[in-house]
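Spelled out, the chains give:
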Amino acid sequence: MYNTTYRRASSIDEAVKLLSDAEDGKFVAGGQTLIPTMKARLAAPSDLIDLRHIADLKGVTVAGDRVKIGAGTTHAEVASNAALAKACPALCHMASHIGDPHVRHMGTLGGSVANNDPAADYPAALLALSATVHTSKREIPADDFFTGLFETALAEDEIVTAVSFSLPEKAGYAKFPNPASRYALTGVFVAKRPDSVRVAVTGAGEEGVFRAGELETALASSFDAAALDGAKVSADKLMSDIHASAEYRANLVVVMAKRAVQAALA
Amino acid sequence: MGIEGIGARVARKEDKRFITGLGRYVDDMTVPGMKHAAFVRSPHAHANIRSINVDAASDMPGVIGVLTGRELQADGIGNLICGWMVHSKDGSPMKMGAWSALATEKVRYVGDAVAIVVADTKGQARDAAEAVEIDYEELPAITDAVKALDENAPQLHPEAEGNLIYDWEIGDSAATDSALADAAHVTRMKIVNNRLIPNAMEPRAALGHYDKAEDHYTCWTTSQNPHVARLVMSAFYNVAPENKLRVIAPDVGGGFGSKIFIYPEEIVCLWASKRTGVPVKWVADRTESFLTDAHGRDHVTEVQMAFGADNRITGLKVDTIANFGAYMSLFSSSVPTYLYATLLSGQYDIPAIHANVRGVYTNTAPVDAYRGAGRPEATYVVERTVETAARELGISPAELRRKNFIREFPHQTPVIMNYDAGDYDASLEAAMREADYDGFAARRAEAEKRGRKRGIGMSCYIEACGIAPSAAVGSLGAGVGLWESAEVRVNAAGTIEVLTGSHSHGQGHETTFSQLVAHRFGVPIEQVSIVHGDTDKVQMGMGTYGSRSGAVGMSAIAKALDKVEAKAKKIAAHLLEADESDIVIENGEAKVAGTDKTVPWFQVALAAYTAHNLPEGMEPGLKEGAFYDPTNFTFPAGCYICEVEVDPETGHTDIVQFVAADDFGNIVNPMIVEGQVHGGLAQGIGQALLEGCHYDPATGQLITASYMDYTMPRAADLPSFRVSTTNTPCPGNPLGIKGCGEAGAIGSPPALINAITDAIGNNDLTMPATPQRVWAAMQ
Ligand SMILES: Cc1cc2nc3c(=O)[nH]c(=O)nc-3n(C[C@H](O)[C@H](O)[C@H](O)COP(=O)(O)OP(=O)(O)OC[C@H]3O[C@@H](n4cnc5c(N)ncnc54)[C@H](O)[C@@H]3O)c2cc1C
């Protein structure tokens, strides 16, 4: 790791100010992505602005059919939140399968969505749930937020403050983990609403998280795993690497979508 | 046996310090004035070095010195060597390319060391290492050993034309060809043994300290064999004469073979300490471990197994290409030859065997011994072929094996080895019973109903341990003898120190070796200390690898104990006024057999040192040493059965049961043996299911250079193992021990792959059997 200066912010405004004062600063939340990158000397921020002590970024609220989760909420807190477990158990299940206990107790929702790793779990959930990303500047629909591999709509000095969504009728998540990293080799989040079904896929797309339109159409007419029997998704635009070919991922998208639907109906 | 003697399940003495964080590893060592090193490493797989400019780096904060290969060579530090001479079938010696500890003209793999920076802190050393300017002329790289033999492949070393190190053979080619020609059936397979990265928990490290006052060097290093390190560093690398070089391998956190070899870093740290005038410590980070620890396996093999009409194996022909990486590591030449092809007879009576092995240079990390070293590769070839043959012949895999088992001992195979003892039916029966092999069909049918594909596979392995008779390995090209030494020092008040040339890096020697002493004299193991890992304390030793510490190291201790016992009996007889032949030593006392006349053990010891009343002419003291040179290899063998369920939609494999029935001969501590088997199985299953080292074929970059891409086995990947042992004592050593350290890693991969191929009905499956590969094999 190169030398860096650690700074602790106690409010969102202070964090933004600290960043603008820094030569080449970066926000740090759980540090589960940023710190390993720095240790490998692949990132060298002059200043680290710690967001973990900002009270406004914390907590989960379920009010009526709206859910709002502060960006500083850890994966473990999401996984174990009782109100959320009642309202949207699929999200708790998803969070409980991120990394390992250490990662889940340090890593945060905000860090995960800001980082937009193409194999991260949260982006699939946000896209399927038609969530809104709240930032220090504005509100951005998930549809517009994830713009490519490790790319988001965020500006340099913009902080994710929370994520909100209205409760779906049913939702489910199924993940096939990468055998080495345990990130998603392919993960599918499905959310059913009275008038629509969304199927969001992570881990597979060449350009990051995406919606599987053909599967959404099939499920819109009948929200049942059997509706996906014989369904195929194209391997074009899917990733190929040492762990999985695009063809294999195309298969996993359908299999995981079925399992996500089964989970949603269970 | 006593509660702490041979055969007792004694908890490991050393574990208290290990599990409470009190172990002391190289990185825990510190010397006044110590500074830190970082190595500048090649980012290219293959390149000429046009120039190296260290000026900017030398001016960086905290930098004490930046040294390159030019200074190293000017100081007369020798090239690294491979210590086992293997000759090609045309009689020519192996072609060893020059390996300088710091590359001067050419780099040959990503991670090749080019320079060392010594600075006040590790961070400063790393910063300065990045500031060393090296002008490289990139060359095309080759990572695949088969392709490296192509005419147009990039060439690594001028010494090795066509990248060929040797083209070696063993066995009778003509007899094997005629067995194939006359066969009723021939099973043919192409078998890849995947390349592995060792991943010891503790990364490699070295602390070199040159003491100007004494003109003496000390090296703390992560070594499985500190004496061999001292020998090689003085005799071949000219670091310092033996009497001026002390090598200490303190607690070492796992080796699995990768810490046998002498690497550039320990040589360079010692030399740099003299050059810079400060003690120099280097500790690998995990990336350096991935890039530069010697890798394992990496064979591509064509095999043909011939059968008579009665399903007896009549011949075995094997053609193997072995990837050596960029340089010949210390024992690399022996692994795909004498540690591999000599085991191709497996547990079977095969009249004709021929193996051809080509060793090949590639632009990858050096490849050398890794847990099992050659024997897993042989077992995988034989056991996958036998199982596949059974499927082709339509007979049960167990039956085909039984038909061909060796049942008379000693048995001379056509490939050097002379098996001394074994009972292969016994382990096969034990494993089949434990696995309820006969109930498999019902379990498969039940799984089918759940939409799962269930399969069962077995593997009957044999290995050669207890390496090795010195004269025999000498005749095969080994540069060293493979005996072991021990010294037993009884202190004046009766406590005992055992000095051994074996080295413990996880094996539990402090416990098992103490048990041996407890067994002999009936003293509690707390009163026994095991001293190892320091060339100033132990005169000479050959270290720990090849499951040799029990069979060879403990045999040396047993010999020294014989001498101590003989002298102690003489003293006791004198004190008790009895005949020496009537004295027995047990339960911490010497007594006259059949009487109540006794003298406590400590009084015998005290008498030896007070020397007030010793038998006429006896020297004072009670301390004896011994060297033990084995008469043969030992031959652990066993049967492993694995049962799996495959998810047909994803290709994911669940291991539903794994049964191991091993014959290790006599066992000193069953709990430790089980631990060794569990660890070995985890590694073997890791190889078969999860671990695969990948280099990018175009650039030679290591893709699996972190745990994000290299899959280590996790607890959740493994079932609860069911292990048991049968016993045919080894006739070749005083303790009847065969060795157990590698069996798990040797025997398990074919059992697992045979189970998966059984489940999916396709024999063509390459390790690691990742979900994607299994899924593809089902399409
Ligand atoms: C071993 C391991 C396994 C993992 N497995 C998984 C897995 O299975 N699935 C998965 O989805 N993830 C996985 N992760 C990633 C983990 O979820 C991380 O926690 C997450 O990606 C980043 O969150 P963080 O809070 O740690 O962010 P940090 O590492 O602190 O920051 C990451 C990036 O986001 C920025 N950032 C952080 N917070 C904010 C904010 N509020 N607003 C704007 N920018 C911000 C930072 O500046 C930085 O660029 C794993 C990580 C590890 C180390």
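Residues numbered from 1 in each chain as written. Chains lettered and ligands numbered in written order. Predicted model: local features only at pLDDT ≥ 70, side-chain atom pairs only at ≥ 80, totals over all residues. Heavy atoms only, no water.

Chemist: Could you give an account of the packing of helix 15 (residues 509–521) of chain B against helix 16 (residues 549–576) of chain B, with specific residues and numbers?
Modeler: Residues and elements named next belong to chain B. Relative to each other, helix 15 and helix 16 sit at 35 degrees, their axes nearing to 11 Å. Two packed elements cross with a definite hand, and for helix 15 against helix 16 that hand is right-handed. Here helix 15 contributes His509, Thr512, Phe513, Leu516, Val517, Arg520 and Phe521 to the contact with helix 16, which in turn contributes Ser549, Met554, Ile557, Ala558, Leu561, Asp562, Val564 and Glu565. Here the contact of helix 15 with helix 16 is built from residues that sort into nine nonpolar, three polar and three charged. (Axes fitted to C-alpha atoms, helices over the stretch in contact; angles between N-to-C directions. Helix = DSSP H or I, 4+ residues; strand = E, 2+ residues; numbered from the N terminus. Left-handed = near helix turned anticlockwise from the far one by under 90°. Contact = heavy atoms within 4.5 Å. Nonpolar A, V, L, I, M, F, W, Y, C, P; charged D, E, K, R; others polar.)

Chemist: Could you give me a rundown of the pairing of strand 14 (residues 313–325) of chain B, with the residues and numbers involved?
Modeler: Residue and element names in this part refer to chain B. Here strand 14 lies mainly inside the structure; 11 of its 13 residues are buried. Relative to strand 14, strand 13 (residues 299–307) runs antiparallel, the two being bridged by nine bridges. Its bridge partner being in strand 14, glutamine 304 is matched across the sheet by lysine 317. Across nine bridges, the pairing between strand 14 and strand 15 (residues 353–361) is parallel. When the sheet's bridge partners are listed, alanine 322 is paired in strand 15 with glycine 359. (Buried < 20%, exposed > 50% of the residue type's maximum accessible area, 1.4 Å probe, protein only. Pairing = 2+ DSSP bridges.)

Chemist: Lay out the site of the ligand in plain terms, naming residues and giving numbers.
Modeler: All names here are of chain A. Residues in contact with the ligand amount to 28 residues; listed here are only the nearest, Phe27, Ala29, Gly31, Thr108 and Asp121. Leucine 34 places a main-chain nitrogen or oxygen 2.8 Å from an oxygen atom of the ligand. In isolation the ligand exposes 970 Å². Once the protein is present, 91% of that is buried. Elements that contribute at least two residues to the shell around the ligand include exactly strand 2 (25–28) and helix 7 (109–115). Looking at the shell around the ligand element by element, the count peaks at four residues for helix 7. (Near = heavy atom within 4 Å. Polar contact = N/O pair within 3.5 Å; in protein donor to acceptor, adjacent residues only side chain to side chain. Areas by Shrake-Rupley, 256 points an atom, 1.4 Å probe, with all protein chains shown as cover.)

Chemist: Before we move on, can you summarise the sheet that holds strand 25 (residues 623–628) of chain B with the specific residues and values?
Modeler: All names here are of chain B. Strand order in the open sheet made by the four strands is 21-20-19-25, with mixed pairing throughout. A single partner strand is all that each edge strand has here, and the edge strands are strand 21 (528–531) and strand 25. Recorded for the sheet is a direction-independent mean angle of 15 degrees between the axes of neighbouring strands. Strands strand 19 (484–490), strand 20 (496–500) and strand 25 of the sheet are contacted by helix 16, whose axis makes an angle of about 145 degrees with strand 25.

Chemist: Account for the domain arrangement of chain B, with residues named and values stated.
Modeler: Interface size is often expressed as the accessible area that is lost when the parts come together. All names here are of chain B. Domain annotation of chain B identifies domain 1 (31–139 + 201–254 + 259–292), domain 2 (299–468 + 632–778) and domain 3 (483–628). Computed from C-alpha atoms alone, the centre-to-centre distance between domain 2 and domain 3 is 39 Å. Of the roughly 1,300 Å² buried where domain 2 meets domain 3, counting both sides, 62% is carbon and sulfur surface. Looking only at domain 2, the three residues that lose the most surface to domain 3 are Ile467, Val668 and Leu735, adding up to 36% of its buried area. The tally of links between domain 2 and domain 3 comes to zero salt bridges. Across the domain 2-domain 3 interface, the total number found is seven residue pairs in polar contact (both at pLDDT 80 or more). For the side of domain 2 that touches domain 3, the residue count by class is nine nonpolar, eight polar and three charged. (Domains from an automatic or database assignment. Buried area = accessible area lost by both parts, 1.4 Å probe. Salt bridge = Lys/Arg side-chain N within 4 Å of Asp/Glu carboxyl O.)

Chemist: Any chance you could break down the sheet that holds strand 24 (residues 598–600) of chain B for me, citing the residues and the numbers?
Modeler: All names here are of chain B. Strand order in the open sheet formed by three strands is 22-23-24, and the pairing between neighbours is antiparallel. With partners counted over all chains shown, the strands left at the sheet margins are strand 22 (583–586) and strand 24, one partner each. Going from strand to strand, the sheet's axes swing by 20 degrees on average, the running direction of each strand aside. Direction of pairing for strand 23 (residues 589–592) relative to strand 24: antiparallel, over a ladder of three bridges. Bridged to glutamate 589 within strand 24 is proline 600. Against the sheet, helix 16 contacts strand 22, strand 23 and strand 24, and its axis sits at roughly 115 degrees relative to strand 22.

Chemist: Quick rundown of helix 20 (residues 771–778) of chain B? Include the residues and the values.
Modeler: Where helix 20 of chain B is concerned, the buried positions are B:Pro771, B:Gln772, B:Val774, B:Trp775 and B:Ala777. Looking at the packing, one finds that the buried side of helix 20 of chain B touches strand 11 (170–177) and helix 11 (246–265) of chain A together with strand 26 (637–646), strand 27 (653–663) and helix 19 (743–760) of chain B.

Chemist: Summarise the environment of B:Thr337; cite the residues concerned and give the values.
Modeler: All names here are of chain B. Positionally, threonine 337 belongs in the loop between strand 14 and strand 15. Measuring from C-alpha to C-alpha, the distance between threonine 337 and valine 132 comes to 41 Å, with 205 residues separating the pair along the chain. Not counting residues up to four positions away in its chain, the partners in contact with threonine 337 are Val86, Tyr166, Trp168 and Thr342. A polar side-chain atom of threonine 337 sits 2.7 Å from the main-chain carbonyl oxygen of serine 333. A distance of 3.2 Å separates a polar side-chain atom of threonine 337 from the backbone oxygen of serine 334.

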